[in-house]
Amino acid sequence: MKSERSPLLDYAIIGLLTLNLAVAAYGAFRPGAVAVADAATPSAAASPEIDEAQALQLAERVLDRYNAKDNAGLYARFDSLARTQLGREQFDAQMEKLYSLIGQVDDFAYSSAVLAGSDNGRDYYHLNFKVRLSGGSFKNGDMRLTVTRRGEELSPVGLFINGSDQLQQ
């Protein structure tokens, strides 16, 4: 029975990785972006200036909508740059796969922020979290929110949740 489930799980993970890669790649390499920072201003290198409280608050808002399976609210939370690259129907289809594989996120803890890249003066960050899961195939995992700044706010451009400890069945 386990061999029948394994390919489905592999395909779901590969699909979600591809989705995250596409959204992150667009965020990093999108054409026609407008420069918002002076070229003389140094970027945050090894230690990006991300406020942990702000990262936790964003993750809570995203996960509230994720756990409620509120695709419309979650889609609206993403930055307009991400929404133009991923249509609502595609988003809904990918989220349904994620819900069935991952289940609910019961708890999360902020781990770190990493500068993912810059494009025309706009910095993109990976906010990393550890998560506890239920209702899916995994009990623990990692979550990565890829974000950019819009004024003082963090605006998500990518979401990736990966299970690490598979439940025994």
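Let me begin by describing the structure that accompanies this report. (Residues numbered from 1 in each chain as written. Predicted model: local features only at pLDDT ≥ 70, side-chain atom pairs only at ≥ 80, totals over all residues. Heavy atoms only, no water.)

**Some words on the pattern of salt bridges**
Here is step 1 of the chain: A complete count under the given rule lists four salt bridges for this structure.
Here is step 2 of the chain: One salt bridge in this structure joins Asp92 and Arg88, with 2.9 Å as the shortest N-O distance. With Asp92 and Arg88 both in helix α5 (residues 88-102) and four residues apart, this pair spans about one turn of that helix.
Here is step 3 of the chain: On the basis of relative accessible area, Arg88 is assigned to the partly exposed category, the value being 30%. (Salt bridge = Lys/Arg side-chain N within 4 Å of Asp/Glu carboxyl O. Helix = DSSP H or I, 4+ residues; strand = E, 2+ residues; numbered from the N terminus. Buried < 20%, exposed > 50% of the residue type's maximum accessible area, 1.4 Å probe, protein only.)

**Digging into the packing of aromatic side chains**
Here is step 1 of the chain: Taken as a whole and judged by the stated rule, the model has five aromatic pairs.
Here is step 2 of the chain: On the numbers, 5.9 Å between centres and 70° between planes, the contact of Phe78 with Phe91 is edge-to-face. Here Phe91 lies in helix α5 and Phe78 lies in the loop between α3 (71-77) and α4 (80-85), a separation of 13 residues in the sequence.
Here is step 3 of the chain: Assessed through its relative accessible area of 5%, Phe91 is described here as buried.
Here is step 4 of the chain: Measuring from ring centre to ring centre gives 6.0 Å for Phe108 and Phe129, while their planes differ by 75°; the resulting arrangement is edge-to-face. With Phe108 in strand β1 (residues 104-119) and Phe129 in strand β2 (residues 122-134), the pair connects residues that are 21 residues apart, well separated along the chain.
Here is step 5 of the chain: Overall, the relative accessible area of 23% leaves Phe108 in the partly exposed class. (Phe/Tyr/Trp six-rings, centres within 6.5 Å; stacked < 30°, edge-to-face > 60°.)

**Notes on the environment of Tyr75**
Here is step 1 of the chain: Tracing the backbone through its elements, the reader meets Tyr75 in helix α3.
Here is step 2 of the chain: In sequence terms Tyr75 and Gly87 are twelve residues apart; their C-alpha atoms lie 9.4 Å from each other.
Here is step 3 of the chain: Setting aside chain neighbours within four positions, we find Tyr75 in contact with Arg83, Leu86, Gly87, Arg88 and Phe91. (Contact = heavy atoms within 4.5 Å.)

**So, the nonpolar core**
Here is step 1 of the chain: Membership of the largest hydrophobic core comes to 36 residues, with the highest contact counts inside it found for Tyr66, Leu127, Met143, Leu145 and Ile161.
Here is step 2 of the chain: When residues of this core are traced back to their parent elements, those giving at least two are α2 (52-67), α3, α4, α5, β1, β2, β3 (138-150) and β4 (153-166).
Here is step 3 of the chain: Those residues within four positions of Tyr66 in sequence are excluded, and the remaining contacts are Leu74, Met95, Leu98, Tyr99, Ile102, Gly103, Gln104, Val105 and Ile161. (Core = buried A, V, L, I, M, F, W, Y, C linked by side-chain atoms within 4.5 Å.)

**What to know about unusual backbone geometry**
Here is step 1 of the chain: If you check the backbone angles, Lys69 has positive phi at about 55° while not being a glycine.
Here is step 2 of the chain: Examined against the element boundaries, Lys69 turns out to sit in the loop between α2 and α3.

**Thoughts on the pairing of β1**
Here is step 1 of the chain: Taken together, the 13 bridges between β1 and β2 define a ladder with antiparallel strand orientation. Residue Phe108 lies in a different strand from β2, and its bridge partner there is Val131.
Here is step 2 of the chain: Between β1 and β2, which pair antiparallel and follow one another directly, the connecting turn spans two residues, one of which, Asn120, has a positive phi of 50°. (Pairing = 2+ DSSP bridges.)

**What about the sheet that holds β3?**
Here is step 1 of the chain: What the four strands build is an open sheet, ordered β1-β2-β3-β4; its pairing is antiparallel. Either end of the sheet is taken by a strand with one partner, and the two such strands are β1 and β4. Neighbouring strand axes in the sheet, compared pairwise and without regard to direction, differ in orientation by 20° on average.
Here is step 2 of the chain: This element, α2, spans β1, β2, β3 and β4 of the sheet and lies at about 120° to β1.
Here is step 3 of the chain: Against the sheet, α5 makes contact with β1, β2, β3 and β4, and its axis sits at roughly 40° relative to β4, the strand it touches most. (Axes fitted to C-alpha atoms, helices over the stretch in contact; angles between N-to-C directions.)

**Describing α2**
Here is step 1 of the chain: Taking 1.5 Å per residue as the helical rise, α2 with its 16 residues ought to reach 22 Å, and the 22 Å between its terminal C-alpha atoms agrees with that figure.
Here is step 2 of the chain: Residues of α2 that are buried include every one of Gln54, Ala55, Leu58, Ala59, Val62, Leu63 and Tyr66, and no others. Seen from one end, α2 has its buried residues packed into an arc of 160°, which puts them on one side.
Here is step 3 of the chain: Packed against the buried residues of α2 are α3, α5, β1, β2, β3 and β4.
Here is step 4 of the chain: A positive backbone phi angle near 55° is found at Lys69, which sits one or two residues after α2. (Expected span 1.5 Å × (residues − 1). Arc of directions from axis to C-beta.)

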